[in-house]
Amino acid sequence: MRRLLAGLVAGAGSVVPVDRLAETLWGDQPPVDPTGAVHNLVSRLRTVLRSAGCGAAVRIVTRPPGYLLVASEGALDCDRFVQLVSRARDQHRDSPGLAAALLDEALVLWRGPAYGEFAGEGFAAPDAVRLEEIRWGAMADRVDAALALGRPDEAIGLLEPLLAAQPLSHRPRGQLMLALHRAGRSAQALEAFRDYRELLADELGLDPPPELGALETAILRRDPAIEQARPASSPGNLPHRLTELVGRAEDARRVTSAMAQSRLVTLTGVGGVGKTRLALHVAAELIHGCLDGAWLCELAGVGDEAVATALDVQQRDPPSVTSRLVGYLRTKGMLIVLDNCEHVLTAVAQLADALLGGCPGVRLLATSREPLGIEGEQVLPVAPLAPPDAVTLFIQRATAACPSFTVTSENAAEVTEVCRRLDGLPLALELVAPKIRSLSARDIVARLERRLQFVRTASQIREQRHRTLHAVVDWSYQLLAEPQRQVFDRLSVFASSFTMAAAQQVAGCGGDAEGVAEAVTALVDRSMLGAHTDDPPSRYTMLDTLRHYGRERLDARGWAAETRLEHARYQVELAEAAFTGLTGADPGAWSATIDRHLDDLRAAHRWSVQHEPDLATRLAAALYWYVEAGSSSEVALWAERSLTVTASSSRSLLPVVFGVAAWGASKRGDLPAAVELAHRGLAAAADRDPVRRYALFVLGDVALFEGRLHEASRYYEEVARLAGAAGDTYCHGYAMVNSVLPLAYGSGDPAAAVAAARRVRSVTMATGSPSLRAWADYALGEALAGVDAPAAITAIDAALVTARQCRNRFMEGIALLTAASLRARQGDPRAALPLFGQVIEHWQRAGNWTQQWITIRNVIEALARVGADEPAAILCGALNTRRSSPPLFGADAERLAGAETALRASLGEQHYLQCQARGAAMTDLDAITFAAAACTAAS
C-alpha cells in the first residue's frame, strides 16, 4: 500500500492508469488478475487513509482509466514544502527574518529522502530528484537569510551539510567566503577560496567562476560593498534593465501574486502597452526563487524552436522538439518568459500545455495580444499607463534625448495633451519623446492632431489603441527622409540583431554603403532602431512592432523578394566564413557568431528552401563543422530539408550536405541512418573527388562507435589522404588525430598507441588550431589510460579546458566523460558520481544519444563499484534494450560484463532479472533521469 500511495502521489495530480499502477506494484510478475488486485489494494488504502484521520483532505478518486489522488491544500507535506519555499523567496529581499522563519518551517518537514524507499525507482525518481534539488536550494536560501540578518556564525553552521553534499558547487563556496569574512575571519575566507580553486583544478581542470574571483578581490581590498553583496547569481538570459519601470508597481505586484497561484500567467494587451517590459521586470524579481534561473524566449515567428534555442536544448528528430523540451525540463525549477506569443499562438499553446503537464517545476509567464486558451492559464490584461505615469515616462525619455528639456508652466499642458493623445501607450511615448530635440511639445501636439483623428467610444477603445500605435509608428516613419525609410523597410527582414556590415549589404542591395550607414545612425537617433555598443562590433535591433510595420511597407513597395534574397545571401556568406573560421585560430568566436545569428540563419534557410534552393544547399553545407562540433541538432535537420530541393548548380556540395545530415543522425543515436546518408553522399561524388572526405569522416566515426576499429582506421586514412590532396590542413590533422583512437581502444599495444598519439600531437600543435590541440590532448589521454592514469587525467583535463574555450560541445562532452570514468576507476568512484551527473546533463542538452548510452555504461560500472547494485542492474536492463545504444567492444565490453556478473552474484539471479525488466520498460528519458538520480543518491 505504501508503494501504491507513492505511485499516486508521483502522478502529480494526474489520473494514473490501472496498468501503470500494476507495473509500479508488481513489475514483470503481476498477479493473475492485476486489475482486480489494484482495485482491492485501492479499497484497502482508502480505509487506511480514513482511519488515519485524513478524511476529505486526501481522497483517492476513481476516474477512468485509473485513479486520481486528490489532496486539499497543505495536505501533502511536499506541496507545503514547495509553497513555503516559494513564499520565503518572495520575502527574502524585504523581510529576511520572515524568509528565515518560512524556510525553517519548510525544512523541518523533511524526515528522510523524498518518497522514502522508493526514491530511486523509475516512477518516483524524477519527482524525488526535483524535491531534493528544491531542498538544497532552500538550504542555500536559508544561509542567505542568515547573512542578510547579520548572523554569519549561524550561516557557517548551516553551510556544513551543504558543502558536504555539494563540494563542487559554486554557491555554497561563495556563501562560506562571505560568512567567514563577515564573522571577522577574512584569512579563512581567502583560504576557503584557495582550497576550492585547488579542488576544481584537481577534479575538473577548471577555475572558479568570475564572481568568486571578484569576491576574493573584494575581501582582499576590504571593500565595504561586499557587506551587501550576493555570493551567487541565478542562471538565465534575461537582459539587463537599462531604464526604470515607470508606473507599473501595482501591476508588478499583481503579476507576482498571480505567479504564486498559477504556473501559467499570460499578460495580454495591445501592442506597445508594455507587456514585455513588465514581464521581464517580474522575472528579474523572481529569478532568485528559481533553482535553474529565468529565461527569455522571444517567439516572433518561430515557436518551440526558439524555446529550445534559448534553453540550449537540442532536437533529436524533426517532430520531437516539444518532447525534447519536456524531457529536459521535467526535473527543472525555472521560470520561462514566452514573449510575443500571438505570432505563433497555436504552437505556443500546445507547447505550454505540454510543459505544464510534464514539468512540475517550470513556471511560464507569457505575453500575447490574446490568451493562449489552455487549462490552468491565468490571464492578466495590461492597461496603458495612467495619465500621471504617462507624463513621467514622457519626461524621462524626453530628458534622456534632450537634457535641456524641462517641464514648465508654459508647456505642461501640451506635455499632458501629448500623453493623452497617445493613450498612455509606453511604446508610443518612447517613440515620440525623443522628437523633443527638434520639436516643441506644442509642435508635437499639432502633428498628433493631424494623425490621430479617432472616435473615442468604449466599444472601440481596444481597436483605437491599435490604430493609435500604428499611427504613431506611421508618423515617426513619415518624418524620416526617403532614403532612411527605404533602409528601415529593408532592415525589417532581420529576425534578430544585426551589424552595420549586415545592414549595408541587405539594405544597400549593392548600392551606397555609406548612405546606409548614415541612415542607420539617423534611425538610432530617431528611436526607430536600438543600438548596443558595449561589445564591438555594434549591433542594432528593431522592436517587433516596428519590424512588422516595416515588413508591411516592404510588401507594399514590392521589395520583399529581393530584400529576402539579399538577407539570405548575407547569412550564407556569414556561414561560409564560419566554415573556415571554425577550423582556424579562434573557433570559439566563430561558434558564438553562429549562435548569435541562429534566428536569422533559420529564417534565411526557410526562405531559401522555398525560393532559392541553391542558397539553402550552400547554407547547410557551410555549417558542417558547426554541426560536427555538436553545436546544433536543428541545423542537421536543415540539411535534410535541403536535400529535398537541391538545385543542379549546387550538386557539387551534396556530399557535404549529406555529411551534415549524417552527423545529425549519428549524434541522435541513429547510426544506421548516419551510414545510409553518408553513403548517399559518397554516391553523389566522383570516386576520387576530395569532397568525399566529408561523408567518409562520418563513416569513420560510426565504425569507431560500433567497434569496427580496422575499418575506422581505413576511413580516417582515406580522409587524411583526400584532405591532403585538397590542401585542407584542418581536416587532415583531425583525421590523423582520430586515427590514434582505434589504436588506443583495441590495438593490444598501448605503448604503440601512446607513441602514435605523441607523434600526431606534435604535428597538430604546429598548426596553431586550438580545436586540433584539444583533440590531440584527448587522443593522448585515451592512449595513456591503460598505461599512466595520472598522466591520462592531465591530458584529458587539458582537452576539456580547450574544448570549452572552443565552444566544442562534442569534444567537451567526451572529455568530461573520460575524466569522470578515469577518476571512477583510478580513485574514489563515489566522488566521481557527481561528474557523471554532469555528463548526463551535458548529453541531454546536446541531444547526443550515442554518447549518452556510452555514458550510462560507465555509470553502471561506477554504481556497481560503490555497492549501488539495484540501480546499476536497472540501468543494465535499460541499456541492453536501446536501439540507439552502440555495440560494446574492447575494454568497455569486458568491464561491463564483469560488472554484470558481479551484480548477478550480489543480487541473486531472480532479483537481477527483475531489475533488468524494470530498466527495459523505461523510456529513454526515464532511463537517463533515473541514472542522474542514482548518481546523486549514491554519491
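Residues numbered from 1 in each chain as written. Predicted model: local features only at pLDDT ≥ 70, side-chain atom pairs only at ≥ 80, totals over all residues. Heavy atoms only, no water.

### Topic: the overall build of the protein chain
Condition: Helix and strand definitions here come from DSSP, where helices need a minimum of 4 consecutive H or I residues and strands a minimum of 2 consecutive E residues; each element is numbered from the N-terminal end. To sort residues, take the accessible area from a 1.4 Å probe on protein chains only and compare it with the maximum for the residue type: under 20% means buried, over 50% means exposed, and anything in between is partly exposed. The criterion used for residue contact is that any of the two residues' heavy atoms lie within 4.5 Å. Methods summary: accessible areas were calculated by the Shrake-Rupley approach with a probe of 1.4 Å, and residue burial reflects only the protein chains presented. In this tally Asp and Glu are treated as negative and Lys and Arg as positive; neither His nor the chain ends contributes. For the purpose of locating charges, the reference atoms are NZ of Lys, CZ of Arg, CG of Asp and CD of Glu.
In terms of helices and strands, the protein chain carries 46 helices and eleven strands. A burial count over the protein chain gives 55% of its 939 residues as buried. Partitioning the contacts of the protein chain with sequence separation of at least 6, the portion at a separation of at least 24 is 71%. A total accessible area of about 38,100 Å² is found for the protein chain, and carbon and sulfur atoms account for 51% of it. Charge centroids of the protein chain, computed over 95 positive and 108 negative side chains, lie 3 Å from each other.

### Some points on the environment of Gln350
Looking at the element boundaries, Gln350 is found in helix H15 (residues 345-358). Residue classification places Gln350 among the exposed residues on the basis of a relative accessible area of 54%. Each C-alpha atom, one on Gln350 and one on Leu372, is 9.0 Å from the other, the two residues being 22 residues apart in sequence.

### Notes on the packing of helix H21 (residues 482-491) against helix H23 (residues 513-525)
How we decide: Here an angle of 0 to 180 degrees is reported between the N-to-C directions of two axes, which are lines fitted to C-alpha atoms, with helices fitted over the stretch in contact. Under this scheme an angle from 65 to 115 degrees is roughly perpendicular, one under 35 degrees roughly parallel, and one over 145 degrees roughly antiparallel; angles in between are oblique. Put simply, Ala, Val, Leu, Ile, Met, Phe, Trp, Tyr, Cys and Pro go in the nonpolar bin, Asp, Glu, Lys and Arg in the charged bin, and everything else, Gly too, in the polar bin.
Contact geometry of H21 with H23 gives a least axis separation of 9 Å together with a crossing angle of 85°. What the angle tells us is that H21 and H23 run roughly perpendicular. Here Pro483, Gln484, Val487, Phe488 and Leu491 of H21 come into contact with H23, specifically with Val516, Ala519, Val520, Ala522 and Leu523. Of the residues assigned to the contact of H21 with H23, the class counts are nine nonpolar, one polar and no charged.

### Side note on unusual backbone geometry
Pro65 follows Pro64 through a cis peptide bond whose omega is 10°. Within the element layout of this structure, Pro65 appears in the loop between strand S2 (58-63) and strand S3 (66-71). Residue Asn340 is not a glycine yet carries a positive backbone phi of 65°. You can see Asn340 is positioned in the loop between strand S6 (334-339) and H15. Even without glycine at this site, Asp423 takes up a positive phi of about 60°. Tracing the sequence through the fold places Asp423 in the loop between helix H17 (412-421) and helix H18 (426-432). The exposure class assigned to Asp423 is buried, which follows from its relative accessible area of 8%.

### A few points about the nonpolar core
Rules: Here, nonpolar core refers to any group of buried Ala, Val, Leu, Ile, Met, Phe, Trp, Tyr and Cys residues whose side-chain atoms link them within 4.5 Å.
Among the nonpolar cores identified, the biggest contains 168 residues, and Tyr624, Trp625, Phe697, Phe836 and Leu863 are the most heavily contacted of them. Among residues more than four places away in sequence, those in contact with Phe836 are Leu817, Ala820, Ser821, Ala824, Thr855, Asn858, Val859, Ala862 and Cys935. Of all hydrophobic cores here, the second largest spans 81 residues; its members include Leu448, Leu491, Leu523 and Trp559.

### Description of the sheet that holds S3
So the rule is basically this: Two strands form a pair only when DSSP identifies at least two bridges running between them.
Taken in spatial order, the three strands line up as S1-S3-S2 in an open sheet, and their pairing is antiparallel. Where the open sheet ends on each side, the last strands, each with one partner, are strand S1 (16-17) and S2. The strands touched by helix H3 (residues 34-51) within the sheet are S2 and S3, with S2 carrying the most contacts at an inclination of about 155°.

### A look at the packing of aromatic side chains
Rules: Centres within 6.5 Å are what make two rings of Phe, Tyr or Trp a pair, Trp counting through its six-membered ring; a difference in plane orientation under 30 degrees is then read as stacked, over 60 as edge-to-face, and the rest as tilted. We call a charge positioned over a ring when the NZ of a Lys or the CZ of an Arg lies within 6 Å of the ring centre and within 35 degrees of the ring normal.
This model, assessed by the stated rule, comprises 24 aromatic pairs. Taking the centre distance of 5.3 Å and the plane angle of 65° together, the rings of Tyr477 and Tyr549 count as edge-to-face. Highlighted residues: Tyr477 in helix H20 (residues 461-478) and Tyr549 in helix H24 (residues 544-557), separated in sequence by 72 residues. Classification of Tyr477 by relative accessible area gives buried; the value is 0%. When the ring of Trp625 is compared with that of Tyr730, the centres are 5.1 Å apart and the planes differ by 85°; the resulting orientation is edge-to-face. Of this pair, Trp625 sits in helix H29 (residues 624-628) while Tyr730 sits in helix H35 (residues 729-738); the two residues are 105 residues apart in sequence, bridging distant segments of the chain. This pair shows no difference in class: Trp625 is buried, exactly as Tyr730 is. One cation-aromatic arrangement involves Arg490 over Trp559; the distance from NZ or CZ to the ring centre is 4.2 Å.

### Focus on the sheet that holds strand S10 (residues 530-532)
Taken in spatial order, the three strands line up as S9-S11-S10 in an open sheet, and their pairing is antiparallel. Edge strands, defined here as strands with exactly one partner in the open sheet, are strand S9 (498-499) and S10. Sheet topology note: the S10/strand S11 (residues 539-541) ladder contains three bridges and is antiparallel. Note on S11: the bridge partner recorded for Ala531 is Tyr540.

### Considerations on helix H40 (residues 809-826)
Put simply, the rule reads: Multiplying one less than the number of residues by 1.5 Å gives the expected span of a helix. Pairs of N or O atoms within 3.5 Å make up the polar contacts considered here, provided that, within protein, one atom can donate a hydrogen while the other can accept it, and that residues adjacent in sequence are counted only when both atoms are side-chain atoms.
The end-to-end C-alpha distance of H40, which contains 18 residues, comes to 26 Å, matching closely the 26 Å that a straight helix rising 1.5 Å per residue would cover. Across the 18 residues of H40, 16 count as buried, placing the element largely inside the fold. Capping of H40 at its N-terminal end is provided by Asn808; its side-chain oxygen lies 3.3 Å from the backbone amide nitrogen of Phe810.

### Description of a negative patch on the surface
Note the threshold: Only residues above 30% relative accessible area that lack a salt bridge enter a patch, with like-charged residues linked at up to 9 Å and the nonpolar side chains Val, Leu, Ile, Met, Phe, Trp and Tyr linked at up to 5 Å. Each salt bridge in this description consists of a side-chain nitrogen of Lys or Arg and a carboxyl oxygen of Asp or Glu lying within 4 Å of one another.
On the surface, a cluster of negative charge is made up of Glu191, Asp195, Glu198 and Asp202. The residue Asp195 is located in helix H9 (residues 186-203) in this model.

### Quick word on helix H16 (residues 387-401)
Taking 1.5 Å per residue, 15 residues should reach 21 Å; H16 reaches 21 Å between its end C-alpha atoms and fits that length. Where H16 is buried, its residues meet helix H12 (275-286), H17 and H18.

### Some remarks on the side chain of Glu782
Considering the arrangement of structural elements, one finds Glu782 in helix H38 (residues 770-784). For the buried Glu782, no salt bridge is present, and the opposite-charge side chain at shortest range is Arg825, 6.8 Å distant. When residues no more than four places from it in sequence are discounted, the contact partners of Glu782 are Leu741, Ala744, Tyr745, Ile796 and Thr818.

### Examining the side chain of Thr583
Take Thr583: it is sitting in the loop between helix H25 (560-581) and helix H26 (587-596). From its side chain, Thr583 meets the backbone oxygen of Thr580 in a polar contact 2.7 Å long. Non-local contacts of Thr583, meaning those with residues more than four positions away in its chain, are made with Trp625, Tyr730 and Ser769.

### Here's the deal with the pattern of salt bridges
Enumeration according to the criterion identifies 45 salt bridges in this entry. Taken together, the shared-partner salt bridges connect Arg3, Glu121, Glu870 and Arg918 into one network.

### Here's the deal with the pairing of strand S4 (residues 264-268)
Counting buried positions along S4 gives five out of five residues, so the element sits mostly inside the fold. Across the two faces of S4 the burial is the same, with Leu264, Thr266 and Thr268 and Val265 and Leu267 all buried. Both S4 and strand S7 (residues 362-368) contribute to a ladder of five bridges, which runs parallel. Counted as the bridge partner of Thr266 is Ala366 from S7. Bridge analysis of S4 against strand S8 (residues 377-381) gives five bridges, and the strand direction is parallel. Counted as the bridge partner of Val265 is Gln378 from S8.

### Some details on the confidence of the model for the protein chain
Put simply, the rule reads: Known as pLDDT, the predictor's confidence for each residue is given on a scale from 0 to 100.
Summing up the model confidence of the protein chain, the mean pLDDT is 86 and the portion of residues at 70 or higher is 93%. Helix H13 (residues 304-311) is the least confidently modelled element of the protein chain, averaging 68 in pLDDT, while H25 averages 96, the highest of any element. For the stretch residues 229-233, pLDDT sits under 50, and the model shows 13 contacts to residues farther than four places along the chain or on other chains. Contacts of residues 453-462 to residues separated by more than four positions or lying in other chains number eleven contacts, the stretch itself having pLDDT below 50.

### Description of the packing of helix H34 (residues 709-726) against H35
In plain terms, the rule: When the near helix sits turned anticlockwise from the far one by under a right angle, the crossing is termed left-handed; a clockwise turn instead gives a right-handed crossing.
With their axes 8 Å apart at the nearest point, H34 and H35 run at an angle of 160° to one another. Relative to H35, H34 is oriented roughly antiparallel. Two packed elements cross with a definite hand, and for H34 against H35 that hand is left-handed. Residues Tyr716, Val719, Ala720, Ala723 and Gly724 of H34 lie in contact with H35, whose contacting residues are Cys731, His732, Ala735, Met736 and Asn738. Residue classes in the contact of H34 with H35 are distributed as seven nonpolar, three polar and no charged.

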